[in-house]
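Residue-level listing of the chains:
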Amino acid sequence: MAEYSIRDSVAIIQLDNAPVNALSVAVRTGLYDGIERAAGDGSVKAVVVCGKGGNFCAGADIKEFDEGSKGPWITEIGDFMDRMRKPVVAAIEGVALGGGLEVALFCHYRIAAKNARVGQPEVNIGLIPGGGGTVRLPRAAGFKQALEMIVTGNPVRAERALKMGVLDEVVSGNILEAGIKFALSKAHIDTSLACLRNRPVRMDGLNIDTKADAALAHVKSKYKGFEAPMFCVKAVVNAARVPYDDAIQKEREYFFELRTSGQSQALRYAFFAERQIARWGLPGGGDYRTARAIPVRSVGVVGAGTMGAGIALCIITSGLPCVLLEQNQEFLEKGVTSLRGQLMGTVRLGKMTAGEAEVCLSRLKPSTSMEDLKHVDMVIEAVFEDLKLKREVFERLDKTCKPETILCTNTSTLDIDSVATATGRPDKVVGTHFFAPSYLMKLLENIYGSRTSPETVATVMRFGKTIRKVPVLVGSCTGFVANRMLAPYTAEAQFCVEEGASPAQVDSVLMDFGMPMGTFRVSDLSGIDVSFSIRREAARKLGVTLTVDSRYFRGQRHCSLIERLVEKGRLGRKTGKGWYKYEGPGGTVPLEDPDVLEIIETHCRALGIERRNVGSHEIQERMQLAMINEGFKILEEGICTRAEEIDVIWLYGFGWPRYLGGPMFYASKLGLKRVFEKICTFHKRFPHSQHWVPSVLLGKLSESGLPLSKWGEAAGTSRL
Ligand code: 3H9
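In this text, all values refer to a predicted model and were calculated from it rather than measured experimentally. (Residues numbered from 1 in each chain as written. Predicted model: local features only at pLDDT ≥ 70, side-chain atom pairs only at ≥ 80, totals over all residues. Heavy atoms only, no water.)

Colleague: Describe in detail unusual backbone geometry, supporting the description with residues and values.
Modeller: At the junction of A18 and P19, the peptide bond is cis and its omega measures out at 5° in the coordinates. Note on placement: P19 falls in the loop between β2 (10–15) and α1 (25–40). The residue after A436, namely P437, is reached through a cis peptide bond having omega -10°. As for its placement among the helices and strands, P437 is situated in the loop between β15 (429–434) and β16 (443–448). A positive phi is found at N21, a non-glycine position, where the angle reads about 55°. Among the secondary structure elements, N21 is positioned in the loop between β2 and α1. Of note in the backbone geometry, D204 takes a positive phi value of approximately 45° without being a glycine. The residue D204 is located in the loop between α7 (175–185) and α8 (208–222) in this model. Accessibility expressed as a relative area gives 56% for D204, which makes it exposed. (Helix = DSSP H or I, 4+ residues; strand = E, 2+ residues; numbered from the N terminus. Buried < 20%, exposed > 50% of the residue type's maximum accessible area, 1.4 Å probe, protein only.)

In structure tokens form, the structure reads like this:
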């Protein structure tokens, strides 16, 4: 809704829809009614539009998008304002985003508080601005700057918006008072002079034809497969070419076309999924509503390897002091050098000044003495992935740190309880799985053990946000969620190669789908010896030796191509050859290598594997469905609370294309029945792969016809 009041002959229309004054039907109707009322009231000289609760408006109410459009559209409200003789002033604080900025652009004037941010982020949910933004912003900010804001979706701060011409004034103090004063000062000026409709698009000397072609080409290559940026360019270009009303009409057509597209639905899902993951709950009770996070004012990181140094960097750049601990001076210096190198990289990229980097470094305390961890509030252990070693470290930490200190283990495979039992405080032990490179990757998989307390979980979830990660809470199981799902995905990739595909073919299928990298390129990047050691260690624990001739491992199909590559010293990029060849050790450009194809052929001949043509569709289906099946098993086992958690893990951990929502969302769009039937077919075809045993939950959903969002009903469980 919108509240209407009058002060000093100025009508005040305050948008009111907590928490961000999204433009629901009620808000749009309230705004329209308020404007109409002010226009007809002889005692009103001017109008101020503002927002309640610290924000102007975050745009259309995204939740209403699936319901179709009701109530007045923003451009109808805008057309009315365009005809008004009384000046309308937008008084902006907090954010004016999307439809919020469009409302402001329909006002005759815009003033903003210093803290304000304005932007057109519609592209992030697969849309273009649909309330006049593509037509009016280029008239205020100029073609080039408007195009950049609309295509990237990045908001700009008030001072920059002022320079761009989006705002008329930036003010300090009470925004409403400033708005009233500003409105009265414009009461005698002809409003048509301030109306953006009456201005041409500012081209600032640019030629629209050359600019349009260049912008389209740029967007096509940068946002491969993502359709909204292309429509953003088309709409802004159109606005520069045709009369105002025609441009508005075209914008609206594009907007509605995109709104019903699969990509926008997926992006809207991803927007809410990211917010849902903060609503965690533990199976034994305790959740985000009741648990209180313990304040974390200082952190220790044990282990200054690449991972530990990256984690320490996340901590110091977020403003917290950090003790970085290593067992000896040599390793410590190496770690600090690696941290410094990464920090300087951000300076070179212009993301930080040299001065700011120095301030960050002043928060770092490199140390070789465990005693320095005595008073920290949290410790993140990032030593080698070895249970015995981790237990030793935890035993020492337990003895050294104050009793309240939370102890986190950065592990991608180990059971949290087996680490926690090395301490006398298992309630304060939790897993924090960072992804490599730990400074850059946004995902943080937080893993609770059977005795982790709700307060400990609340603390690591909040800490994740503090260090600007996307924290997702999951239960403990082999590989947790990310790596557990990755295992069948990469296994199927290797099986496809054994059966006849090439690594490059598999990778291009994945990249055509929208993944940033194919699985074999990733393997070369992280080092083939890493997977090799994990597999060898797993086999050793089971008392089995893996050889290049192992086709089956404990009755399960197994591909030993990794062992063959390691045997030949092909460890990936670092040795200049792996699944691909590179220009040299440390090279980055993968080239298909006939030697690898020869290794594969020889391997298949030795094991009697007949090679055939494996089609792209089959590769994609096998890799994705095997991993999706695992996702449903994770849900049915209660490792996750909701499918959104799995999807966010894939968005941030593996770069699943956001405009496809995430694997679980993708499965629901393919149709759960169809997905289940396909998995059953693969199970029959590949009986020696556990990952093809169909998920019971998926079977139930397929049978009942319930949607993914109702999976709890099908499983008969709900934690929140
Ligand atoms: C548009 O405007 C189209 C127009 O061009 C044409 C048609 C008019 N709708 O993020 P937070 C909720 S398209 C509904 O946690 P923050 C959000 O779900 C729109 N709900 O806080 C959350 O709810 P809950 C273009 C919304 O401080 C709560 O508000 N606009 C909307 O970190 C708090 O959000 C955008 O794309 C919305 N528009 O960040 C802006 N916005 O508590 C999208 C937020 O139940 N929004 N909510 O989980 C944002 O970027 C951030 O939410 C914002 C606040 C910066 C505003």
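Colleague: How would you sum up the UniProt feature "domain: 3-hydroxyacyl-CoA dehydrogenase NAD binding" (unreviewed entry) in the chain? Please name residues and give values.
Modeller: As recorded in UniProt, the sites labelled "domain: 3-hydroxyacyl-CoA dehydrogenase NAD binding" (unreviewed entry) are residues 299–475. The span residues 299–475 shows a helical share of 41% and a strand share of 21%, and its end C-alpha atoms are spaced 24 Å apart. (UniProt positions renumbered as here; feature names shortened; annotations may be inferred.)

Colleague: Lay out empty space enclosed by the protein in plain terms, naming residues and giving numbers.
Modeller: If a probe the size of a water molecule is rolled over the atoms, the empty space left behind becomes visible. Applying the stated criterion to the full structure yields 1 cavity of 30 Å³ or more. Along the walls of the largest cavity sit S502, P503, A504, W579, Y580, E592, D593, V596 and L597, which together make up its complete lining. Elements supplying a minimum of two residues to the lining of the largest cavity: α19 (503–513) and α23 (594–607). (1 Å grid on protein atoms, 1.4 Å probe; cavity = no way out; pocket = protein on both sides within 12 Å on 5 of 7 lines; lining within 4 Å. Points joined across faces, edges and corners; volume = space filled by probe spheres on them.)

Colleague: Residues and numbers for α8, please.
Modeller: Between its first and last C-alpha, α8 extends 21 Å over 15 residues, near the 21 Å set by a 1.5 Å rise per residue. Listed as buried for α8 are I208, A212, A215 and V219. Buried residues in α8, looked at end-on, bunch into an arc of 70°, giving them a common side. Along α8, the residues that are exposed and aim more than 90 degrees away from the buried face are T210, D213, K220 and S221. Packing partners of the buried residues in α8 comprise α5 (143–152) and α9 (228–241). Measuring from the side-chain oxygen of the N-cap residue of α8 to the backbone nitrogen of D209 gives 2.7 Å; that N-cap residue is N207. (Expected span 1.5 Å × (residues − 1). Arc of directions from axis to C-beta. Contact = heavy atoms within 4.5 Å. Polar contact = N/O pair within 3.5 Å; in protein donor to acceptor, adjacent residues only side chain to side chain.)

Colleague: Account for the site of the ligand, naming residues and giving values.
Modeller: A60, G99, E102, E122 and R275 are the nearest of the 27 residues found near the ligand. A distance of 2.8 Å separates an oxygen atom of the ligand from a polar backbone atom of G99. Contact between the ligand and R275: an oxygen atom at 2.7 Å from a side-chain N or O atom of the residue. The fraction of the free accessible surface of the ligand (1000 Å²) that becomes covered by protein chains is 75%. Where the shell around the ligand is concerned, the elements lending two or more residues are α3 (99–106) and α11 (262–276). Top contributing element to the shell around the ligand by residue count: α11, with 3 residues. (Near = heavy atom within 4 Å. Areas by Shrake-Rupley, 256 points an atom, 1.4 Å probe, with all protein chains shown as cover.)

Colleague: Give a description of the environment of K678 that names residues and reports values.
Modeller: Mapped onto the elements of the fold, K678 is located in helix α27 (residues 672–685). Counting along the chain gives 16 residues from K678 to P694, while the straight-line C-alpha distance between them is 9.6 Å. In contact with K678, not counting residues within four places along its chain, are E621 and L625.

Colleague: So what's going on with the sheet that holds strand β4 (residues 88–92)? Which residues, and what values?
Modeller: The strands that make up a sheet pair up through hydrogen bonds in the backbone, lying either parallel or antiparallel. Read from one edge of the open sheet, 6 strands run β1-β2-β3-β4-β6-β9, paired in mixed fashion. At either margin of the open sheet sits one strand with a lone partner, and together these are β1 (2–7) and β9 (169–171). If you compare each strand with its neighbour and ignore which way they point, the axes differ by 25° on average. (Pairing = 2+ DSSP bridges. Axes fitted to C-alpha atoms, helices over the stretch in contact; angles between N-to-C directions.)

Colleague: Please give an account of the UniProt feature "domain: 3-hydroxyacyl-CoA dehydrogenase C-terminal" (unreviewed entry) in the chain that cites residues and values.
Modeller: As recorded in UniProt, the feature "domain: 3-hydroxyacyl-CoA dehydrogenase C-terminal" (unreviewed entry) lies at residues 479–582 and 621–705. The straight-line gap between the two end C-alpha atoms of residues 479–582 is 30 Å; of that span, 56% is helix and 4% is strand.

Colleague: So what about the pairing of β2? Which residues, and what values?
Modeller: Most of β2 is tucked away, with 5 of its 6 residues classed as buried. Examined bridge by bridge, β1 and β2 share 6 bridges and lie antiparallel to one another. Looking across to β2, one finds that A2 is bridged to L15. The loop that links β1 with its antiparallel partner β2 comprises 2 residues; one of these, D8, has a positive phi angle of about 50°. As judged from the 6 bridges shared by β2 and strand β3 (residues 46–51), these two strands associate in the parallel manner. In the sheet register, I13 faces β3, and the bridge partner there is V49. The handedness of the β2 to β3 crossover, carried by α1, is right-handed. (Right-handed = clockwise from strand over helix to strand, strands pointing away.)

Colleague: Tell me about the packing of aromatic side chains, and name the residues and values.
Modeller: By the definition in use, this model includes 21 aromatic pairs. Considering the side-chain rings of F226 and Y659, the 5.6 Å spacing of their centres and the 15° angle between planes classify their relative orientation as stacked. Residue F226 is found in the loop between α8 and α9, and its partner Y659 is found in the loop between α25 (643–653) and α26 (663–670); the two are separated by 433 residues along the sequence. On the basis of relative accessibility, which here comes to 16%, the residue F226 falls in the buried class. By relative accessible area, which is 12% here, Y659 ends up buried. Arranged with centres 5.6 Å apart and planes meeting at 65°, the rings of W656 and Y666 form a pair that is edge-to-face. Placement of the pair is W656 in the loop between α25 and α26 and Y666 in helix α26, with a sequence separation of 10 residues. W656 gets classed as buried once you look at its relative accessible area, which sits at 2%. Looking at Y666, the relative accessible area reads 16%, which means it is buried. A cation sits over an aromatic face here: R521 above Y580, 5.8 Å from the ring centre. Note that R557 overlies the ring of F495, its terminal NZ or CZ placed 4.0 Å from the centroid. (Phe/Tyr/Trp six-rings, centres within 6.5 Å; stacked < 30°, edge-to-face > 60°. Lys NZ or Arg CZ within 6 Å of the ring centre and 35° of its normal.)

Colleague: How would you summarise the packing of α5 against α9 if you had to cite specific residues and measurements?
Modeller: With their axes 9 Å apart at the nearest point, α5 and α9 run at an angle of 155° to one another. Comparing the axis directions of α5 and α9 gives the class roughly antiparallel. Here the hand of the crossing between α5 and α9 comes out right-handed. Counted together, F143, L147, I150 and V151 of α5 and P229, C232, V233, V236, V237 and A240 of α9 form the full contact between these two elements. (Parallel < 35°, antiparallel > 145°, perpendicular 65-115°, else oblique. Left-handed = near helix turned anticlockwise from the far one by under 90°.)

Colleague: I'd like to hear about the sheet that holds strand β5 (residues 95–97), residue by residue, with values.
Modeller: Strand order in the open sheet formed by 3 strands is β5-β7-β8, with mixed pairing between adjacent strands. Two strands close off the open sheet at either side, each with one partner strand: β5 and β8 (156–157). The sheet contact formed by β5 and strand β7 (residues 117–119) spans 3 bridges and is parallel. Directly across from A96, in β7, lies its bridge partner V118. Where α3 meets the sheet, its contacts fall on β5 and β7, and the angle it forms with β5 comes to roughly 90°.

Colleague: Outline the domain arrangement of the chain, supporting the account with residue identities and numerical values.
Modeller: The domain architecture assigned to the chain consists of domain 1 (2–260), domain 2 (299–478), domain 3 (501–607) and domain 4 (618–719). Its C-alpha centre places domain 1 at a distance of 44 Å from the equivalent point of domain 2. (Domains from an automatic or database assignment.)

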